[in-house]
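The primary structure of each chain is shown beneath.
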Amino acid sequence: MTMTAIRDGARLAVLSHRFEAIVRRMSNTLARSGRSGVLNTARDFSCCILAADGSVLMTGQSPPIHVMGGPDLQARSMLEFYPQVRAGDAFLHNSPYHGNTHAADHSVLIPVVDHDGRHRFTVLAKAHQADCGNSVPTTYLASARDVYEEGALIFPVVRAQRDYADCEDILRMCEMRIRVPDQWRGDYLAILGSARIGERALLRLADEVGWDTLDEFAAGWLDYGELRMEAAIRQLPAGTATTTTVHDPFPGVPDGIPVSVSVAVRPDEGTIEVDLRDNPDCVPSGLNLSEATSRTAALIGIFNSIDHTVPHNQGSFRRVRVLLRENCVVGIPRHPASCSVATTNLSNRVGNAVQRAMAEIGDGLGMAEVGSGMSPSEAVVSGIDRRDQHGPFVNQIFTGPNGGAGAPAADGWLTMSDLGSGGTLLLDSVEIDELKQPIVIHRRHIDPDTEGAGRFRGAPSLHVEYGPVGTHLEAVYANDGSINPMMGAGGGQPGAPSAQFKRDRDGELVALDICGPVTIQEGERLVARTSGGGGYGDPVSRDPHRVARDVREGWISRDRALAVYRVEVDDAGDVDPERTARLRAGVTIGAQS
Amino acid sequence: MASERELRVSVDIGGTFTDLVVEEADRLRLYKSPTVPDDPVRGILDVLSVAAAADGQSLTEFVARVGTFVHATTRGLNAVLTGNAARTAFLTTRGHPDVLLLREGGRRDPFDFTVPFPEPYVPRSLTFEVPGRILSTGEVLEPVDLDAVRALCARLAALEVEAVAVCLLWSTVNAAHELAVGAVLDEALPGVPYSLSHTLNPSLREYRRASSTAIDASLKPLMATYIGALTTKLREAGLTGRILMVTSMGGVVDVADAAAAPILTLNSGPSMAPVAGRAYARSDLGADDVIVADAGGTTYDVTLVRRGEIPSTRSAWVGDEGTGHLTGLPSIDVKSVGAGGGSIAWVDPGGLLHIGPQSAGSVPGPASYGRGGRRATVTDAALVLGYLDPDVFSGGALRLDTDAALAAVTADVAVPLGLDPVAAAHAVLDLTTEQMVRAIEEITLQQGIDPAGAVLVGGGGAAGLNAVAVAKRLGCAQLVVPAVGAALAAAGALMSDLTAVYNVTLPTLTTSFDPDRVNAALAGLQRQCREFVAHVGPGASEPSVTLFAEARYPQQIWELEVPLRVRSFLSDQDVHDFAADFHATHEEILGVTDPGSPVEAVSWGARVTVPLRRDTALRARLGDSAVPATRRAYVPGRGLVELPVRALSSVTAGEPIQGPVLIESPFTTVVVPDPSVCELAPSGSLVIRPVREPGRLQPTLIEVA
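Residues numbered from 1 in each chain as written. Chains lettered and ligands numbered in written order. Predicted model: local features only at pLDDT ≥ 70, side-chain atom pairs only at ≥ 80, totals over all residues.

Brief notes about the domain arrangement of chain A
Residue and element names in this part refer to chain A.
Logical step 1: Examined at the domain level, chain A breaks down into domain 1 (9-225), domain 2 (367-542) and domain 3 (543-592).
Logical step 2: Computed over C-alpha atoms, the centres of domain 2 and domain 3 are 29 Å apart.
Logical step 3: Each partner contributes residues to the interface: domain 2 has nine residues there, and domain 3 has 12 residues.
Logical step 4: Residue composition of the side of domain 2 that touches domain 3, grouped by class: six nonpolar, no polar and three charged. (Domains from an automatic or database assignment. Contact = placed C-beta atoms within 7 Å. Nonpolar A, V, L, I, M, F, W, Y, C, P; charged D, E, K, R; others polar.)

Have a look at this one:
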């Protein structure tokens, strides 16, 4: 295959390293100086550099849902409200109606302005907050009928620094409305510090090589991204597919939310089109997607399905057309529809449907569905810590992620968490969680036989049980996948549905609603099973040795190996090749018929 | 007779060569002999024989003169990487069998779905849950069930387990359950080595502690055998001196201590380069902030010295970050990138140049090696630019094929980029420089060091190609290339001290500081240090003990190490000073501070050092003094020109040499592509002061005066 190459690939390579280093530096600052668990433990944050016109240039190792289809909208909204940005400005932005993901992701945008006052680049740092002033202590309020009931403070591009000095009134407002204000202030400083470090590094780079060189780089880098993406798409088979999925019933949406996506791959044009318009209007719930998460979810589904070395910048994004509709639940929300849970539940449903559509367009393409839902294992927990002299606490814990999806060449990633995070989030240490919050984590382990079976299987569910120590605990979660599990692709099977229970003082399990909040008293436990990932390809075509290894290692039972994968595993844990061959050929064996 | 044991030697076993550095009266000599992979001790005796022959002595006569034998081995590391350590069982708290499997989550490349989820260090089938639970306060929620542990031991025996790792939740706060399990193991599985997490690595975070414990236990059988063979054969050869092993912390320990806790020596490979780098930066320039770059055939390892101390990390991975295994123990902080001489240069379909991560290694090696390698590498690019002498590469061990290098660079780089071969080769070195700089920036950023204020020390066979360019890019005012740079690690081993680190987990807030408990912990740590000093015996000078805390702002999760000014906290002022030191450290490393916030110390530690030699500079001159010559080589902005070539051994003290020039020693070439000035230091090092020039991406013509 031939393609046109960019000019000056040597210089572009050197400068791309420099830009990557700047993003890494921003991320490092944010990770290490942040205060809340969601920021520093789970690393739910992102940093990126944008061209002056808002094009996404460099995103680093960020959760994909943060950085693909939103930062450009945010940067453009900044210029809409502040056509004349100045050096020393910093803008707080968390408005899902102006390009942000959802209200709990506080972004700081800093315009990088040269000595002549010309706006050259924009740096953006964004981090999920432990609290954002919602009406109840969670940053994912699925039951909110609108943004008013959600209650979050919304900052639609609000100047938080001028001439490098804080606009203190903004910070005071936040401190009056955000729970655990010191923690928020610490996180805010970390975000701002990260963006300022990015600004300073770009100014220094410009001193060294000149702004014109950086402008040339920006244009060249986007062209390179587009060339790579075009070439990748030209290698795909032409085709269209429409896939559907349903989000579980939630408060405000008693029948759940059906989602339909249509994907068209056009190798002759080197483009892909994703149409999300044939979907319901916005709902009286926090599940509505923001424009940023609608676009990004579709992009993630596509980029998960192609050569992963294609750069993720506005150049490659140009080759994917995402069609959205105003006032659509997976489109462009109309204020005051709430988008409180926009980064997880329906985003995951959309992205999963897109990558499954890609699998329908060609074998060896696309992926099965990644586990989804905010299980009680990833709840926002709050209460009063009565140990020593601690006081109130509120924090999101990350004790048990959902399983990853089977892919054309590998099994699902065990700690994938969900599609939007791309598995980048870290998992909490049991000891750290027990030190920070008055909780005991009694169990955390994989749940056997919960994987979506396939040629490459999904990752299994995790089983997590925890409860309070010396106090009671409020846990807010917004699960999905308990009724409509994660589907397989290309003949693969669905993963196990998620589940949630309370274990009472007698050890009995009581089923809980899929959507919190729930109060857990001392002596009780909250029990969560996360979503298993879907499988890719027919399980009967799975390498029998992989099946035997799963049996030996306790991921699946011998019975399941036999019934689902049609592999006979002997007492020593090895494949019985003859019986397996006969089983797979459809021959009935003795009593196991 | 002790007075005759005037030699100190160190041996470093590499993939291709076993290096020996001999110290005699403050002078260093360097010898190499092929590594014997299936009998590494044989390789050690071989290289000792080479040195003996150079002195006109028999091996026995030579070895009898050795007072100290320092050894670094990658044997444990290789066993972990290849899965060839002992069959190890993992005992964990009930309900938590997947500590080693889950690790700490995370994924390096969110869009790469071709990489499978990594295997746990101990398989689930050899993982067993122990009933019993301790809380974060040390309180027992559920007593340990020792009958269950006894029953488990019978299963372990039946499974023919060779080692056992025990890591229970909160054992660092209350060790009773782990100790009880240990007692049952002693009784029920005599002779099966085991490791308990709270004694090996008393730190917070169960995955890290469990990983340390599992790795340590799994290495015990193997390392006991290796160390036994090494000691026996060296003694048989006539060695009466002390045998020491290099640790991951940049110190040495007695060989018996290394066998008892084999994880201590796991990452010994790169840990000695900063010890040598620190010594040369100090003796040559009196500098205390140092970046040490060791450029080998496949990797470029960067380590640091900050204010005379070598910073450590608790996030050292064996294998790839995130998918390998964390050692969990403090280890010299090292950043490795695949930017060695063998790294492959290639252009992707979009026209972008890349270096690595694939490497041609030493087999097949670069195209110019003529061993079947066809792809262009960094070494090939350097040859095209005239930076290497094809006839005397690596001490004359290999003849390089210039035509093959030119053909590879032309086909793989020049044609796809639309450049001429020389410009393409320069682009390769330029991007390699950038990758090296990126590695350096990453680690200096982590450790809060400004590269522009530091001295760069270049070691390793490939260091000289880019060292000046790297120093300029970082803004370093001075660059040191030690004469023994090609064996920097082995030289460092001779300059290292006996060291140990002790830790205790005791979370304490400065606002509710409990001096009695903290002081008791500090006293315990100092007692452990005194016991270590008594155990290892007297050194060359007084031992030193440094106390430190690992602290953070409340709610943060990563701690910073803060040295303590006091041995015990006697007043509020002492606590206040500690908080102030933390704020200053936070500002230095992370760029922000929150002076109004309390400080939470999570754990307390002590580092004890027993010096093994007086702190004097070691001198070395390698090679014969050859006559100055010239070679056609590339100067940015001028192209291929006739450049002077000087042998390092011909440079005299006080003689300033101005670039552009190539300075060669038997194992490396230092490329000075601009008018930077070089001088010889008394230690034999080459000291270079790079010229400042703005806008390196827009090279301007430099006129040589």
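Observations concerning the environment of A:Arg25
Logical step 1: Inspection of the secondary structure assignment puts A:Arg25 in helix H1 (residues 9-33).
Logical step 2: Each C-alpha atom of the pair A:Arg25 and A:Ser194 lies 7.9 Å from the other, and the pair is 169 residues apart in sequence.
Logical step 3: With residues near it in sequence (within four places) discarded, A:Arg25 still touches A:Ile197, A:Ala201 and B:Leu445. (Helix = DSSP H or I, 4+ residues; strand = E, 2+ residues; numbered from the N terminus.)

Structural notes on the confidence of the model for chain B
Segments scoring low in pLDDT should not have their predicted coordinates read at a detailed level.
Residue and element names in this part refer to chain B.
Logical step 1: This prediction gives chain B a mean pLDDT of 90; 96% of its residues lie at or above 70.
Logical step 2: Contacts for the low-pLDDT stretch residues 694-705, under 50 throughout, to residues beyond four places or in other chains number 20 contacts.
Logical step 3: For this predicted complex, the interface confidence reaches an ipTM of 0.93, while the overall pTM sits at 0.91. (pLDDT = per-residue confidence, 0-100.)

Points about helix H9 (residues 291-303) of chain A
Logical step 1: When the terminal C-alpha atoms of H9(A) are compared, their 18 Å separation across 13 residues agrees well with the 18 Å that a helix rising 1.5 Å per residue should span.
Logical step 2: Counting buried positions along H9(A) gives 13 out of 13 residues, so the element sits mostly inside the fold. (Expected span 1.5 Å × (residues − 1). Buried ≥ 20, exposed ≤ 12 C-beta atoms within 10 Å, placed from the backbone.)

Observations regarding the packing of helix H12 (residues 402-417) of chain B against helix H13 (residues 421-447) of chain B
All names here are of chain B.
Logical step 1: The geometry of H12 relative to H13 is characterised by a closest axis approach of 9 Å and an angle of 85° between their N-to-C directions. One way to sum up the angle between H12 and H13 is to call them roughly perpendicular. Of the residues in H13, those in contact with Leu406, Val409, Thr410, Val413, Ala414 and Leu417 of H12 are Pro421, Ala424, Ala425, Ala427 and Val428.
Logical step 2: Grouping the amino acids of the contact of H12 with H13 by side-chain chemistry returns 10 nonpolar, one polar and no charged. (Axes fitted to C-alpha atoms, helices over the stretch in contact; angles between N-to-C directions. Parallel < 35°, antiparallel > 145°, perpendicular 65-115°, else oblique.)

Focus on the sheet that holds strand E10 (residues 194-196) of chain B
All names here are of chain B.
Logical step 1: Across the sheet, which stays open at both edges, the four strands sit in the order E6-E5-E9-E10 with parallel pairing between neighbours. Where the open sheet ends on each side, the last strands, each with one partner, are strand E6 (127-130) and E10. Direction aside, the axes of adjacent strands within the sheet are offset by 20° on average.
Logical step 2: Examined bridge by bridge, strand E9 (residues 163-167) and E10 share three bridges and lie parallel to one another. Residue pairing for E10: valine 164 is matched across the bridge by tyrosine 194. (Pairing = 2+ DSSP bridges.)

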